[in-house]
Amino acid sequence: MTTCDPEVAAALGRAIAQRIGGEPRYRFWFADKTKLAWDDTRLIIGVRNRFYQDYLESKFAAAVRAAAADVFGQPMEVAFAIDAELFQAARREETETVRRPVPPPPWPEVSPRLEDKAPEPAAPRAVKRARRWHRLAEFVVGPCNRLAHAAALSVVEAPGQCANPLVLHGPVGTGKTHLLEGIYAGLRKHHPDWRVTYISAEEFTNRFLHAMQHGKLASFRKHFRETDALLLDDLNFLGSKHATQDEFLHTFDALLAEGKQVVVSADCHPRLADEFTAELSDRLLGGAVWGLTPPDAATRLDLLRARGLTAQPSIPDAVLRFLAEQLRGNVRELEGALHGVRHYSRVAGRPIDEALAREALGDLLRHAVRVVQLDDIDTAVCEVLRLEAGALRSKQRSWAVSHPRMVAMFLARRHTRAAHSEIGRHYGGRNHSTVVAAEKKVRQWLKDDGELLLGEQRFRVRALVERIERVLQR
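Residues numbered from 1 in each chain as written. Predicted model: local features only at pLDDT ≥ 70, side-chain atom pairs only at ≥ 80, totals over all residues. Heavy atoms only, no water.

## Thoughts on helix α9 (residues 242-257)
The terminal C-alpha atoms of α9 lie 22 Å apart, and with 16 residues this matches the ideal 22 Å at 1.5 Å per residue to within 8%. Within the sequence span of α9, burial applies to A243, T244, Q245, D246, E247, F248, L249, T251, F252 and L255. Downstream of α9 by a residue or two, G259 has a phi angle that is positive, lying close to 75°. (Helix = DSSP H or I, 4+ residues; strand = E, 2+ residues; numbered from the N terminus. Expected span 1.5 Å × (residues − 1). Buried < 20%, exposed > 50% of the residue type's maximum accessible area, 1.4 Å probe, protein only.)

Right, dumping it as structure tokens:
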């Protein structure tokens, strides 16, 4: 057995990295965490503990076998085994971690069960300001979010019995986190003895990786799988992180099997999240999936009134109406506009009126309404559906092209001032009646909450249109 040829080891590392998805993934799973040893017919991967042995063998055995055959020029038997030195090093690292003072976690703690609450410490401690959670009662409801808000209320009223899992999806700044926090606050109020866990997908990932590297997976799984309700924000962070997705999927299944409530937020419909595994997407579709869209004019005015008439200085309703008509952004942009107007008023020493609002928000107002061209529609539809550039303007009549073309014609009527005849000419020289028919067809699909089958993928039309419109807003 030999391990003394660094050039061969480096070649093996490069070959394995190429086959498992790149150098970052190789560094995470193999570099400094494994040892390579080989003879004429066998390659042994030394690992630090049983978890690494089982996981690497199940996920990467075929890739390592192919890499070894490529480097050695012949088929090689591949085995994964616990290495004594790596095992001892991992134990020493874990011991040192336990001995070091542990800083408070950056994530919100779960609500403890009553019997688990620790007594008050005798020594005085610095007072830490408690996080203020959004409430569902504060959420401004409109056509853009009404169904999602109703689903959130149903979760608080009957957790685990109605929408489970509940998936809230939509672009940034449409209220997903507000609803998630509102559910958390509502469950804590109605079930004070429950363990309710609110966590971001990034924090879930960090805790999973820490537990895996330090041999604490059993504790990690116990913590999350014995919670009474799990609320996870920004699920799309798990995209391409297949190990974390697998772990979340097992946690997800364990909670649902016990009738525990699961709520997640994401930036798009699960059917359009290509970075999710098929198993995870399938589980998410097993409950209720509701979208949130940027606020319409009436909802924008309600949002501005809710925040503009309460804080000081208050903003006249005429100015709020002006801002609701001019601004087309999300909730955060609207709130930022209010802060900007108030600050400008204080600095300038002038009362708030429409003229002051125009001065304070000059750049924002100039860029509030982006002019959309027909070419922008083409680019967005082709990007979302992964069509070749120019496909929508071709003469092709197959459903794989004709249905996306109809969606593009519908969006062209919604987002541009182009006439039916102009749109028809743009899309392959088609006539006025073809565009009218396409627009009516897509409206009917939206009304019926229909789906399109494009190749091997099935798309919900409403979610598809929302995804394309988000691309147009970039």
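Resuming the write-up.
## Considerations on the sheet that holds strand β5 (residues 196-200)
One open sheet accounts for five strands, arranged β5-β6-β7-β4-β8; its pairing is parallel. This sheet does not close on itself; its edge strands, each paired only once, are β5 and β8 (288-291). Across this sheet, the average inter-strand angle for adjacent strands is 15°, counted without regard to direction. As defined by bridge partners, strand β4 (residues 166-169) adjoins β8 across four bridges and the pair is classed as parallel. Paired with L168 across the strands is W290, a residue of β8. (Pairing = 2+ DSSP bridges. Axes fitted to C-alpha atoms, helices over the stretch in contact; angles between N-to-C directions.)

## Notes on the sheet that holds strand β1 (residues 35-38)
Strand order across the open sheet formed by three strands is β1-β2-β3, with mixed pairing between neighbours. Bordering the open sheet on either side are β1 and β3 (77-82), each of which pairs with just one other strand. Put simply, the sheet's adjacent strands are angled 25° from each other on average, direction ignored. Here four bridges tie β1 to strand β2 (residues 42-47), and the two strands are oriented antiparallel to one another. Along β2, the bridge assignment pairs L36 with I45. Strand contacts of helix α1 (residues 6-20): β1 and β2, with the helix running at about 115° to β1, the strand carrying the most contacts. The strands touched by helix α3 (residues 50-72) within the sheet are β1, β2 and β3, with β3 carrying the most contacts at an inclination of about 150°. (Contact = heavy atoms within 4.5 Å.)

## Focus on the pairing of strand β6 (residues 229-233)
Of all five residues in β6, five are buried, a share of seventy percent or more. Side chains A229, L231 and D233 project from β6 onto one buried face, and the interleaved L230 and L232 project onto a second face that is buried too. As paired strands, β5 and β6 are joined by five bridges and run parallel to one another. In the sheet register, I199 faces β6, and the bridge partner there is L232. Once you follow β6 into α9 and on to strand β7 (residues 261-266), the crossover reads as right-handed. (Right-handed = clockwise from strand over helix to strand, strands pointing away.)

## With respect to the pattern of salt bridges
Per the counting criterion, the structure on display carries 21 salt bridges. The closest approach of N and O atoms between E247 and R221, which form a salt bridge, is 3.0 Å. Of this pair, E247 sits in helix α9 while R221 sits in helix α8 (residues 217-225), placing them 26 residues apart in sequence. According to the relative accessible area criterion, E247 is buried, its value standing at 3%. (Salt bridge = Lys/Arg side-chain N within 4 Å of Asp/Glu carboxyl O.)

## A look at the packing of helix α17 (residues 399-415) against helix α20 (residues 461-472)
Between two packed helices, what matters for the description is the angle formed by their axes and the separation of those axes. Closest axis-to-axis distance for the α17/α20 pair is 12 Å, and the angle between their directions is 55°. If you check the angle between α17 and α20, you find them oblique. Relative to α20, the crossing made by α17 is right-handed. Contacts from V407, F410, L411, R414 and H415 in α17 reach V465, I468, E469 and L472 in α20. In terms of residue class, the contact of α17 with α20 is built from six nonpolar, one polar and two charged. (Parallel < 35°, antiparallel > 145°, perpendicular 65-115°, else oblique. Left-handed = near helix turned anticlockwise from the far one by under 90°. Nonpolar A, V, L, I, M, F, W, Y, C, P; charged D, E, K, R; others polar.)

## Here we look at the packing of aromatic side chains
Enumeration over the complete set of coordinates arrives at 13 aromatic pairs. Ring centres 5.1 Å apart and planes at 75° place the aromatic pair W133 and Y198 in the edge-to-face group. Here the residue W133 occupies a position in the loop between α4 (84-99) and α5 (146-157), and Y198 occupies one in strand β5, the gap between them amounting to 65 residues. Among the residues examined, W133 registers a relative accessible area of 12% and is labelled buried. Members of the aromatic cluster, joined through ring pairs, are F204, F208, F220, F224, F248 and F252. (Phe/Tyr/Trp six-rings, centres within 6.5 Å; stacked < 30°, edge-to-face > 60°.)

## With respect to the confidence of the model for the chain
Confidence in the prediction of the chain, expressed as mean pLDDT, is 83, and 88% of residues score 70 or more. Taken as a whole, residues 97-127 scores under 50 in pLDDT and shows 28 contacts with residues more than four places along the chain or in a different chain. (pLDDT = per-residue confidence, 0-100.)

## Concerning α5
Here α5 spans 17 Å end to end across twelve residues, near enough to the 16 Å set by a 1.5 Å rise per residue. Burial in α5 covers these residues: A148, H149, A151, A152, S154, V155 and V156. On its buried face, α5 sits against β4, α6 (176-190), β7 and β8.

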